[in-house]
Amino acid sequence: MEHEIVGINEIAAMAGVSSQAVTNWRVRSPDFPQPLSELASGPVFRKSQIRAWLKRNNRKLVELQEGSNYYGRLKSFRNDDEPLSACIGNVVAKLETSATTDKKPGMLLGKIQSGKTRAFVGAIAKAFDQGFDIAIVLTKGTKTLSAQTVRRLRADFAEFIEDDEFIVLDIMKLPGKLTRSELRRKIVVVAKKQARNLDRLIEFMETHDGLQNRKVLLVDDEADLASVRFVRKNGENDIKQGTIADQIDRLRDISGDVAFLQVTATPYSLYLQPEGYEDASDGGDYVFKPKRPAFTELLPIHDAYVGGDDYFGTFDESDPRSRLIVEVSEQEQDALRRIDKRRISKDNVLDTANTVGLRRAIITFVLGVIVRRWQQRKAGERPKKYAMVIHNDIQRAAHAWQDQVIDWIFAAIINAAENNPSRLRPMFDEAFSDLEMSVTADKGRMPPRDEAFEDLIDALQSDDVVVEKVNSDTDVLALLDDNAELKLRTPYNIWVGGNILDRGITIPNMIAFYYGRNPKTMQADTVLQHSRMYGNRDRRDLAATRFYTSRAVYDRLYTINGFENALREAFETGAHDAGVVFIQADATRRVKPCAPNKLLLSDVVAVSPSDMLLPTDFQTKAGSTMAAIQAKLERLIKSEWRDAGDFVAVDRRTASDIIDAIEESMEFDSVEFEWDAMRGLIDYYTGIDKGGDGTILLLAETGRKLSRAGSGDKSGRSILGTALRRKVLDEPRSKPALILLQQQGGRDLGWSQHRFWWPIFAAPTDAEPCVFATKVAA
């Protein structure tokens, strides 16, 4: 006969959750059934009422069944939503039914800071429910990330560890030989992707009786170029199979039954699976298909996610994101790299142009925190603490000088706050006006200006602004809280140094980032790793958020974001089944295939049907040189093509001649435009052997009057204008298009005196994504 009375523990078993979860339901749910009686051992309830409440509140009713329910309990403890729960279930189901290997793993594809760790921890619990016995988590080769992963696993699995159901181990900090009782538990081992760590792991598996032939899940976290099948040698571009792959093979031999799951934030890794493209660029096909994993599961992206499209998208002034990026001069960032007291000294640190961006970043950060905390108090919310990161260079000598300059700036600011507050008023007013524009665009409120200034002075005087220098793994580990995130000590926390970025540490409530490291040859996985401002962020914080960097760095980050988006869009829409085009130009400008594993990811141009390619941030030449160029273009761009209101077909040779002439008319201050990419894309899409007929659609308009100040839109959307944008991007088109906009020019608009032509390239609207490599690895 069924028992009609149940206590807290029995309810937890019925729902597949922890006892603490049931206690929380009693406190938080006003309709939770009242107890029949309060016994010394705890309250007891009528089982039928509990069952009805569980069903009414969509709680899983598992009754008192046999078997584990680790993920059900973890899901309740973490409050996982249904999309994440479904994703975790799909991953484990596919691991059960797919033959995964290190050469052909299963893949969990998310975005940077999108909850990938949460997902694979859930997958481990779910796998244990399905009969897996051991989980091995491979992390990137840093002590900090390894320690962070161990902390995270122990925090999420705390109940299971306390009940002697799980044991979580750091392979380099083993407690000695495990007891038979410990070996009967579910075992989670964290190891760095380093030969020494994996040697210890193999020894652990071989020397403990009973671990052989157990069912193992191997999770390759942050899978990228440094994954189990690749190692770097003699520089970051020399990639080969190495020792780690051999060690993984040994693990598989020991265990017999190993499932492999890669976790990554970059879809580029789909093109870097172990099978190479050795002969692909020697007359092979232009279209490269992703090296298919055994399966790929997309991690659902939640509504609170802030990512590259927020930072590198195109927004008008009514959107607060239009003010996220603040340009810093390369002169300033260079001055912060090398000691030169003629450029920066203790006495001029608040006045020199060589620290103006850094000063602005610091003052705006403190004010941004003041604004957000004022808004939170007005809304009846608990005020939050916030973070800023400063990272300008990776060289140790540069760190020392950067730290010295920051010490001078803070000493000068605090001295002014204590002795001459009016000295800071101009910097405050500039920061206030800047934030006011984005807060107003976000339909938010600002505190009274004078009140905010008093709060700023008070924060500086009271030592509330904390600056931490972080230049080693030891420094980073000391800063982590129990959740393996950076601990926010005060409302205003500033961290200086690249180790935080390189170690993949979660930085909560980050609203300011001063970034000077120029990724000229940086791989995309490194760039994404540095994008710590991405993640689960309160979108109301965006109006007070700023990213300070140079135009050159911004352009490279914009390029890499576009590249990632092109590949991700192809994958998510299923277009990757047709492949992605990877091309390069040879010495004679002829287009040929480019193997994806030869790319230097900071030297690519990515184009998809929703993107355009155009030069930005340039000045036009002047005098007789410009007059001769424009005369040549007058002959090339026929009068009957101009203002015709529609496309005309021209041969690709004419289009290339036009591009050649326009190239001679423009000068660039920092980042040159990739003219070869524009010519190469024209050649590729018009090529007869690729389905083209040797012609490109051309549309020419005259009488445009865009100012140079408004010429920085790299997407080209605002430069085209609404009507032309619809025609170019929305109307179906099977051919590539070249749009030529004749600008009036003139000094009153910031240009030279001459008219000039502005070219914009658009791929066919039905084309596969195309990646043009401006440089390739040897």
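So, here is what we can say about the structure in this document.

Procedures and definitions
Residues numbered from 1 in each chain as written. Predicted model: local features only at pLDDT ≥ 70, side-chain atom pairs only at ≥ 80, totals over all residues. Heavy atoms only, no water. Helix = DSSP H or I, 4+ residues; strand = E, 2+ residues; numbered from the N terminus. Buried < 20%, exposed > 50% of the residue type's maximum accessible area, 1.4 Å probe, protein only. Pairing = 2+ DSSP bridges. Axes fitted to C-alpha atoms, helices over the stretch in contact; angles between N-to-C directions. Parallel < 35°, antiparallel > 145°, perpendicular 65-115°, else oblique. Contact = heavy atoms within 4.5 Å. Nonpolar A, V, L, I, M, F, W, Y, C, P; charged D, E, K, R; others polar. Expected span 1.5 Å × (residues − 1). Left-handed = near helix turned anticlockwise from the far one by under 90°. Core = buried A, V, L, I, M, F, W, Y, C linked by side-chain atoms within 4.5 Å.

**Comments concerning the overall build of the protein chain**
Next, step 1: Scanning the protein chain from terminus to terminus reveals 26 helices and 32 strands.
Next, step 2: Buried positions account for 56% of the 778 residues belonging to the protein chain.

**So, the pairing of strand 30 (residues 737-743)**
Next, step 1: Burial runs high along strand 30: 7 of the 7 residues are buried.
Next, step 2: Burial along strand 30 is two-sided: Ala737, Ile739, Leu741 and Gln743 facing one way and Leu738, Leu740 and Gln742 facing the other are all buried.
Next, step 3: Inspection of the sheet shows strand 29 (residues 695-704) paired to strand 30 by 6 bridges, in the parallel sense. Residue pairing across strands places leucine 698 opposite leucine 738, the latter belonging to strand 30.
Next, step 4: Pairing of strand 30 with strand 31 (residues 756-762), which is carried by 7 bridges, proceeds in the antiparallel orientation. Residue pairing across strands places alanine 737 opposite alanine 762, the latter belonging to strand 31.

**Some words on the packing of helix 23 (residues 652-663) against helix 24 (residues 675-686)**
Next, step 1: The N-to-C vectors of helix 23 and helix 24 enclose an angle of 175°; their axes lie 10 Å apart at closest approach. For the element pair helix 23 / helix 24, the angle class is roughly antiparallel. For the pair formed by helix 23 and helix 24, the contact residues are Arg652, Ala655, Ser656, Ile659, Asp660, Ile662 and Glu663 on the first element and Trp675, Met678, Arg679, Ile682, Asp683 and Thr686 on the second.
Next, step 2: Residue composition of the contact of helix 23 with helix 24, by class: 6 nonpolar, 2 polar and 5 charged.

**What to know about helix 7 (residues 143-156)**
Next, step 1: For helix 7, which comprises 14 residues, the first-to-last C-alpha distance of 20 Å matches the rise-based estimate of 20 Å (1.5 Å per residue) to within 8%.
Next, step 2: Buried within helix 7 are the following residues: Thr144, Leu145, Ser146, Ala147, Gln148, Thr149, Val150, Leu153 and Asp156.

**With respect to the packing of helix 4 (residues 70-78) against helix 5 (residues 82-97)**
Next, step 1: Where helix 4 contacts helix 5, the axes come no closer than 12 Å and their chain directions differ by 155°. Here helix 4 is positioned roughly antiparallel relative to helix 5, judged by the angle of their axes. Between helix 4 and helix 5 lies a crossing of right-handed hand. Here helix 4 contributes Tyr71, Lys75 and Arg78 to the contact with helix 5, which in turn contributes Glu82, Ser85 and Ile88.
Next, step 2: Its residues placed into classes, the contact of helix 4 with helix 5 shows 2 nonpolar, 1 polar and 3 charged.

**A word on the nonpolar core**
Next, step 1: Counting 55 residues, the largest nonpolar core has Leu613, Leu633, Ile658, Val728, Ile739, Leu740 and Phe761 as its most contacted members.
Next, step 2: A per-element tally of this core places helix 24 first, with 7 residues.
Next, step 3: Apart from residues no more than four positions distant in its own chain, phenylalanine 761 is found in contact with Val607, Met612, Leu613, Met678, Leu681, Ile682, Tyr685, Ile696, Pro736 and Ala737.

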